[in-house]
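Coordinate inspection notes
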Amino acid sequence: MNKVFVVVVTVSVFIAVGCSTVPNSSSTEPVISQTVASFHRPESSSFSMDGKYLFVANCASGLYGKDKNFALKVGDGAISKLAVSESGKLKMVDPKFVSGLNTPLGTTTLLKPTKMFPAGSLFVNTGIYVICDKDDKYITDPKVMGTGVTIIDPDSGKILGRIDTTPGSAVTKAIGDTFPLPNGIIFDTEGNLYVTDTGESCGVKNTAMPAKGKGGVIRINHDAIDSFAQNKAHDGIHFIPITLPNGVAFNPHTDSVLVVTCQSGEGETKDGVYSIPVKDFMKTKEPKALVSGFGGLDGAAVTPAGSIIVSVMKGHLTKIAKDGTKVEIAFDPAVKFMGPSDIKIRELKDGTSILLLPEQDHLNPNLWKQRLRVIRLPEGY
């Protein structure tokens, strides 16, 4: 979610899709291969299990009310569905495949089925505590916001269920705290679910948040997902406090969970990338930052070669090598991304990969013309 995390609706026509020349597999540096300008403040995305479709969360963030404060508008959130070719090119299928959502942010795909939810189901964070009504007034009732994780059928768009994180829910009772800003979300290879709670508004002022949380990341064990979706207690949950976490990713090379934080500044408690081994997660209390000093991060993803890429709120991407070295990714021509948000990577058959970068560009007043960039990464990057 950008600058806090840093949604509407009904159109049936494809909106502006532009693309540059798709590079061949011999490219040695990352290039922007396609720009799709068909979204309303896109925040995150997730591929279908077979990789043939991409689902993009439109969070409807903006500056609302007489004071032009940052918020996300109730009911204006949507999930777009796009087809993905074997060469990694996107084509819009339905910009409002699912509409009427409250603040959809982090989005991920269930890889291992539960009794209640089939593999391929979309898990989407919704109902954060920075939300306004149709009159631009802040909503202060978490039940109206519907804070939690919404579970969606990827074929029909039907809502299959929800993990409630409002006050008094099984989740908040289990962690002993509120969970006001569900932001990043991911599964590991065993089907355990990880959700970050930013805890407060990441620098956004004059909101009417009914409560703030400590901030951190929860893990819900795979065998506990159905219980919490029924709002029933289960001991398969663990909460690790982290200051202002934003995106979360799974690193298959190290079997660890990556958490990035969004507050500008230096040091472990303000800004950085945390790496928590899956095997140690349920007993970890105070993780240490793997690397820090970015000035605020939104998302993270891991390349097939094992490098970490993070989206930096200042407007660029940074690659973190295995030895911790940080290098800002340069493009030719140079580009500054506007509100870079959660990122995802998919490897293609030719060995290259595509990185999906949504931009929440608040300088663009045209709703449903916000950008998602497709960035081609060379093999072995």
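Bear in mind the structure is a predicted one, so any value in this text is a computation, not a measurement.

What counts as what
- Residues numbered from 1 in each chain as written.
- Predicted model: local features only at pLDDT ≥ 70, side-chain atom pairs only at ≥ 80, totals over all residues.
- Heavy atoms only, no water.
- Helix = DSSP H or I, 4+ residues; strand = E, 2+ residues; numbered from the N terminus.
- Buried < 20%, exposed > 50% of the residue type's maximum accessible area, 1.4 Å probe, protein only.
- Pairing = 2+ DSSP bridges.
- Axes fitted to C-alpha atoms, helices over the stretch in contact; angles between N-to-C directions.
- Core = buried A, V, L, I, M, F, W, Y, C linked by side-chain atoms within 4.5 Å.
- Contact = heavy atoms within 4.5 Å.
- Phe/Tyr/Trp six-rings, centres within 6.5 Å; stacked < 30°, edge-to-face > 60°.
- Lys NZ or Arg CZ within 6 Å of the ring centre and 35° of its normal.

1. Observations regarding unusual backbone geometry
- With an omega of 5 degrees, the peptide bond between Asp332 and Pro333 qualifies as cis.
- Residue placement: Pro333 occurs in the loop between strand S25 (326-328) and strand S26 (344-347).
- Phi is positive for Ala60, close to 60 degrees, though the residue is something other than glycine.
- With respect to the secondary-structure elements, Ala60 resides in the loop between strand S4 (53-58) and strand S5 (61-64).
- We classify Ala60 as buried; its relative accessible area is 0%.
- Within the chain, Asn231 stands out as a residue other than glycine whose phi angle is a positive 60 degrees.
- Structurally, the position occupied by Asn231 is in the loop between helix H3 (225-229) and strand S17 (237-241).

2. Examining the sheet that holds S4
- Spatially, 4 strands are ordered S3-S4-S7-S8 in an open sheet, and the strand pairing comes out antiparallel. Each of the sheet's edge strands pairs with one partner strand only, and the pair in question is strand S3 (42-47) and strand S8 (90-101). Taken pair by pair, the neighbouring strands of this sheet meet at an average axis angle of 20 degrees, ignoring direction.
- Pairing between S4 and strand S7 (residues 77-84): 6 bridges, direction antiparallel. Bridge assignment links Val56 to a residue of S7, and that residue is Ser80.

3. Some words on the nonpolar core
- Of all hydrophobic cores here, the largest spans 22 residues; its most connected members are Phe123, Ile163, Leu193, Ile218, Ile220, Ile225 and Phe228.
- Within the residue set of this core, elements represented by two or more residues are strand S12 (148-152), helix H2 (170-175), strand S14 (182-187), strand S15 (193-197), strand S16 (216-220), H3 and S17.
- With sequence-adjacent residues up to four places away left out, Ile163 is seen in contact with Phe123, Thr147, Gly148, Val149, Ile151, Val171, Leu193, Ile220, Ile225, Phe228 and Ala229.
- Val74, Tyr129, Cys132 and Ile139 belong to the second-largest nonpolar core, a separate cluster that totals 16 residues.

4. What about the packing of aromatic side chains?
- Taken as a whole, this structure holds 5 aromatic pairs when the rule is applied.
- Measuring from ring centre to ring centre gives 5.7 Å for Phe331 and Phe337, while their planes differ by 85 degrees; the resulting arrangement is edge-to-face. For the pair shown, Phe331 and Phe337 are each scored as buried.
- A cation over an aromatic ring shows up here: Lys319 above the ring of Tyr381, its NZ or CZ 3.9 Å from the ring centre.
- Positioned above the aromatic ring of Phe47 is the side chain of Arg346, whose terminal nitrogen or guanidinium carbon lies 5.9 Å from the ring centre.

5. Some details on the sheet that holds strand S21 (residues 289-292)
- The 4 strands are arranged S18-S19-S20-S21 in an open sheet whose pairing can be described as antiparallel. Of all the strands in the sheet, the pair left with one neighbour each is strand S18 (245-251) and S21. For this sheet, the mean angle separating the axes of adjacent strands, direction not counted, is 20 degrees.

6. Brief notes about the pairing of strand S23 (residues 308-312)
- Across the 5 residues of S23, 5 count as buried, placing the element largely inside the fold.
- Side chains Ile308, Val310 and Val312 project from S23 onto one buried face, and the interleaved Ile309 and Ser311 project onto a second face that is buried too.
- In sequence, strand S22 (residues 297-302) turns back onto S23 through a hairpin of 5 residues, with Gly306 there showing a positive phi of about 100 degrees.
- Bridge analysis of S23 against strand S24 (residues 316-320) gives 5 bridges, and the strand direction is antiparallel. Bridge pairing in S24 places Ser311 opposite Leu317.

7. Here's the deal with the pairing of strand S13 (residues 159-164)
- Where S12 meets S13, 5 bridges bridge the pair, whose relative direction is antiparallel. Paired with Val149 across the bridge in S13 is Ile163.
- Between the antiparallel neighbours S12 and S13 lie 6 residues, among them Gly157 with a positive phi of about 80 degrees.

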